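Here is what each chain is made of, one letter per residue.
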Amino acid sequence: MDKVERNKLYEEAKSWVVEAGELIRASLDKKLQIDTKSDANDLVTEMDRESEKFFVDKIKLNHPSHKIISEEGFGDDLSTLEGTVWILDPIDGTMNFVHQKRNFAISLAIYQDGVGEIGLIYSVMEDVLYHVKRGEGAFRNKTQLSPLKDHVAIEESILLVNSSLCCENKRLNHTKIQELVKTVRGTRSYGSGALEFAGVADGTLDAYISMRLSPWDFAAGAILIEEVGGVITQIDGSPLDFFGENTSFSGNPFLKDEIINNYIELK
Ligand code: IPD
Ligand code: CA
Ligand code: CA
């Protein structure tokens, strides 16, 4: 994708993200219909669907040849990233949206033939937009993000984990994860994968490990993180899979080796 085309798509995508953010904020005054998906804690609201529909209608109208991967079922059923593919999570952190009315985001990415070109993560209630055009820098609103530090001692690092890592996920050696949690300076868990990736990119988190992420959770975050010199892979170091569920590690390359080699043991 050339720079002119990328810039045009970026401006368009950004304006839709901001508009969808306004719709979501306005919905907080209404009583929302809340349903569940795979289990009782996997929440979805009418606003997740409305926000996704809003983007899908705009993309299909303005770019009929582009494809869409999205969470709530209005996108396309794809098996390749050929062509121009938009990857959307209309509300990332739905549990926060329902319970806290904050700490959730819209995550939107545009890939061209498998290469991440544009990433947008909009923290709706903070009105903070993380944005990146490949090779042109990553930003938090108007502030350019610095490259990640080359080296962070694991004892001085802030690690993002969620409870599924420490106790629920049967694939992991939990004793090792407990050791990791005791070794790092502190742990955090925000409840929105997109904002967690944004935190890695802006350096407020040093590493993030997760066991169950879909392409719409990481597509924009991956572009942001790579733009600042970070890495993002599955937790065995293999590449992310855009057509399935993923484990993930993100952070600086030094911590990746340190954590994957010493603390991750998959059964
Ligand atoms: C979820 C959030 C959460 C992560 C889950 C995701 P959703 O997305 O990103 O932080 O731990 O794995 O499914 O369902 O709120 O869009
Ligand atoms: Ca999500
Ligand atoms: Ca979602």
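Residues numbered from 1 in each chain as written. Chains lettered and ligands numbered in written order. Predicted model: local features only at pLDDT ≥ 70, side-chain atom pairs only at ≥ 80, totals over all residues. Heavy atoms only, no water.

1. Considering the overall build of the chain
Stage number 1. Secondary structure assignment for the chain yields eight helices and 14 strands.
Stage number 2. The C-alpha atoms of the chain give a radius of gyration of 18 Å, which matches the 18 Å a tight globule of 267 residues would have.
Stage number 3. Overall, the chain is about 50 × 45 × 35 Å in size when its C-alpha atoms are taken along their principal axes.
Stage number 4. For the chain, with 267 residues in total, the buried portion stands at 52%. (Helix = DSSP H or I, 4+ residues; strand = E, 2+ residues; numbered from the N terminus. Rg over C-alpha atoms; globule rule 2.2 N^0.38 Å. Buried < 20%, exposed > 50% of the residue type's maximum accessible area, 1.4 Å probe, protein only.)

2. Some words on the domain arrangement of the chain
Interfaces are often described in size by the accessible area the parts lose on coming together.
Stage number 1. Splitting the chain by domain gives domain 1 (3–144) and domain 2 (154–263).
Stage number 2. Taking the mean C-alpha position of each, domain 1 and domain 2 sit 21 Å from one another.
Stage number 3. Every contact between the two is made by 38 residues of domain 1 and, on the other side, 21 residues of domain 2.
Stage number 4. Between domain 1 and domain 2, roughly 2100 Å² of surface is buried when both sides are summed, and carbon and sulfur atoms account for 69% of that area.
Stage number 5. One can count zero salt bridges joining domain 1 with domain 2.
Stage number 6. Sorting the residues of the side of domain 1 that touches domain 2 by element identifies β3 (67–70), β4 (84–92), β5 (105–112), β6 (115–123), β7 (128–133) and β8 (138–140) as the ones contributing at least two each.
Stage number 7. Top contributing element to the side of domain 1 that touches domain 2 by residue count: β6, with seven residues.
Stage number 8. Among the residues forming the side of domain 1 that touches domain 2, the class breakdown is 17 nonpolar, 13 polar and eight charged. (Domains from an automatic or database assignment. Contact = heavy atoms within 4.5 Å. Buried area = accessible area lost by both parts, 1.4 Å probe. Salt bridge = Lys/Arg side-chain N within 4 Å of Asp/Glu carboxyl O. Nonpolar A, V, L, I, M, F, W, Y, C, P; charged D, E, K, R; others polar.)

3. Describing the coordination of the calcium ion (ligand 2)
Stage number 1. Protein ligation of the calcium ion (ligand 2) involves Asp89 (OD), Asp92 (OD) and Asp217 (OD), the donor distances falling in the range 2.1 to 2.2 Å.
Stage number 2. Site description for the calcium ion (ligand 2): donor spacing in sequence, D-x2-D-x124-D.
Stage number 3. Separation of the calcium ion (ligand 2) from the calcium ion (ligand 3) amounts to 3.8 Å, with Asp89 serving as a shared donor to the pair. Here Asp92, found in strand β4, pairs with Asp217, found in helix α7 (residues 215–227); they are 125 residues apart in sequence, far enough to count as distant. Side by side, Asp92 and Asp217 carry an identical accessibility label, which is buried. (Donors = N, O, S within 2.8 Å, 3.2 Å for Na, K, Ca; no water.)

4. Points about the nonpolar core
Stage number 1. Ranked by size, the top nonpolar core spans 38 residues in total, and within it Ile87, Tyr111, Ile121 and Leu224 carry the most contacts.
Stage number 2. For this core, the secondary-structure elements that each account for two or more residues are β4, β5, β7, β10 (158–160), α6 (193–201), β12 (207–213) and α7.
Stage number 3. The element contributing the most residues to this core is α7, with eight residues.
Stage number 4. Looking at which domains feed residues into this core, each of domain 1 (3–144) and domain 2 (154–263) supplies at least three.
Stage number 5. Core analysis: the second largest hydrophobic core is formed by 28 residues, Leu32, Leu88, Ile91 and Phe104 among them. (Core = buried A, V, L, I, M, F, W, Y, C linked by side-chain atoms within 4.5 Å.)

5. Let's talk about the coordination of the calcium ion (ligand 3)
Stage number 1. Distances from the calcium ion (ligand 3) to its protein donors, namely Glu71 (OE), Asp89 (OD), Asp89 (OD) and Ile91 (O), fall within the range 2.2 to 3.2 Å.
Stage number 2. In primary-sequence terms, the residues that donate to the calcium ion (ligand 3) follow E-x17-D-x1-I.

6. Here's the deal with helix α8 (residues 253–263)
Stage number 1. By the burial criterion, the buried members of α8 are Leu255, Lys256, Ile259, Ile260 and Tyr263. For α8, the angular spread of the buried residues around the axis is 115°, confining them to a single face.
Stage number 2. Structurally, α8 contributes buried residues whose contacts are with β10, α5 (174–183), β12, β13 (231–233) and β14 (246–251). (Arc of directions from axis to C-beta.)

7. Digging into the side chain of Thr247
Stage number 1. With respect to the helices and strands, the residue Thr247 is situated in strand β14.
Stage number 2. Side chain to side chain, Thr247 and Gln234 meet in a polar contact 3.2 Å long.
Stage number 3. Polar contacts involving the side chain of Thr247 include one to the main-chain amide nitrogen of Ile235, which spans 3.0 Å.
Stage number 4. Apart from residues lying up to four places away in sequence, Thr247 is in contact with Arg171, Ser210, Met211, Thr233, Gln234, Ile235 and Leu240. (Polar contact = N/O pair within 3.5 Å; in protein donor to acceptor, adjacent residues only side chain to side chain.)

8. Digging into the side chain of Asn246
Stage number 1. Summarising the element assignment, Asn246 is placed in strand β14.
Stage number 2. Judged by relative accessible area, Asn246 falls into the buried class, the value being 0%.
Stage number 3. At 2.9 Å, the side chain of Asn246 forms a polar contact with the side chain of Gln234.
Stage number 4. A polar contact of 3.0 Å, which involves the side chain of Asn246, links it to the backbone oxygen of Gly244.

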